[in-house]
Amino acid sequence: MPNYRVDDAGVRHAQQLIDAGQYDDQTPWSDAAPSTGEENEEREDEGQQGYAEWHLAVDPDEGEGTKGRHRFPYGDFEEVNRAALIHAEQRASQNDHEEIRRAAKDLLDRLDATRS
């Protein structure tokens, strides 16, 4: 099993976006998830660090500077997607990534609190 760890910078970025109201709570993740082309464009425009900020976890077994290093995406490079957080929480739970599950759940709770 991969040894993923929470990407604190990604979590902080998601918190900032949620607090600023930059989230989508309507679009299914299957419709909002960036395409490979959009991922590559983000890496070209914002660099590896900018791309990494849109993920909740890092796979330390993958090389620095690779897309495969970053796991559990949560948005479309503009907004946090609520369905992506649900998907991340479920996938992390299914694969025994408790810290990542908790990070996704905390972000989901934060987003839901801003909606009420």
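Just above sits the structure.
(A) Quick look at the side chain of Asp59. Along the polypeptide, Asp59 turns up in the loop between β3 (55-58) and β4 (70-73). Buried and without a salt bridge, Asp59 has Arg71 as its closest oppositely charged side chain, separated by 4.0 Å. Among all residues touching Asp59, those that are not within four sequence positions of it are Tyr4, Gly68, Arg69 and Arg71.

(B) The arrangement of unusual backbone geometry in detail. Non-glycine residue Phe72 carries a positive phi angle of around 60°. Examined against the element boundaries, Phe72 turns out to sit in strand β4. For Asp96, which is not glycine, the phi torsion reads 60° and is therefore positive. The exposed category is assigned to Asp96, whose relative accessible area is 63%.

(C) Structural detail: the pattern of salt bridges. Applying the stated criterion across every chain yields a total of ten salt bridges. A salt bridge links Arg101 to Glu98, with the shortest nitrogen-to-oxygen separation between them at 2.7 Å. Residue Arg101 and its partner Glu98 are located together in helix α5 (residues 98-115), separated by three residues, close to a single helical turn. Taking relative accessible area as the criterion, Glu98 reaches 39% and is therefore assigned partly exposed. Between Arg102 and Glu98 there is a salt bridge whose closest N-O contact spans 3.8 Å. One end of the pair, Arg102, and the other, Glu98, are both in helix α5, four residues apart, so they sit about a helical turn from each other.

(D) Structural context of the packing of aromatic side chains. Applying the stated rule across the entire model yields four aromatic pairs. Ring geometry for Tyr4 against Phe72: centres 5.9 Å apart, planes inclined by 80°, an arrangement best described as edge-to-face. With a gap of 68 residues between them, Tyr4 in the segment before β1 (5-6) and Phe72 in strand β4 connect regions that are remote in the sequence. Looking at Phe72, the relative accessible area reads 2%, which means it is buried. Three or more aromatic residues joined by ring pairs make a cluster, and in this case those are Tyr51, Trp54, Tyr74 and Phe77.

Thresholds, definitions, all that
Residues numbered from 1 in each chain as written. Predicted model: local features only at pLDDT ≥ 70, side-chain atom pairs only at ≥ 80, totals over all residues. Heavy atoms only, no water. Helix = DSSP H or I, 4+ residues; strand = E, 2+ residues; numbered from the N terminus. Buried < 20%, exposed > 50% of the residue type's maximum accessible area, 1.4 Å probe, protein only. Lys, Arg positive; Asp, Glu negative; His and termini not counted. Salt bridge = Lys/Arg side-chain N within 4 Å of Asp/Glu carboxyl O. Contact = heavy atoms within 4.5 Å. Phe/Tyr/Trp six-rings, centres within 6.5 Å; stacked < 30°, edge-to-face > 60°.

Honestly, that's just the spatial picture; any functional story needs more than this.
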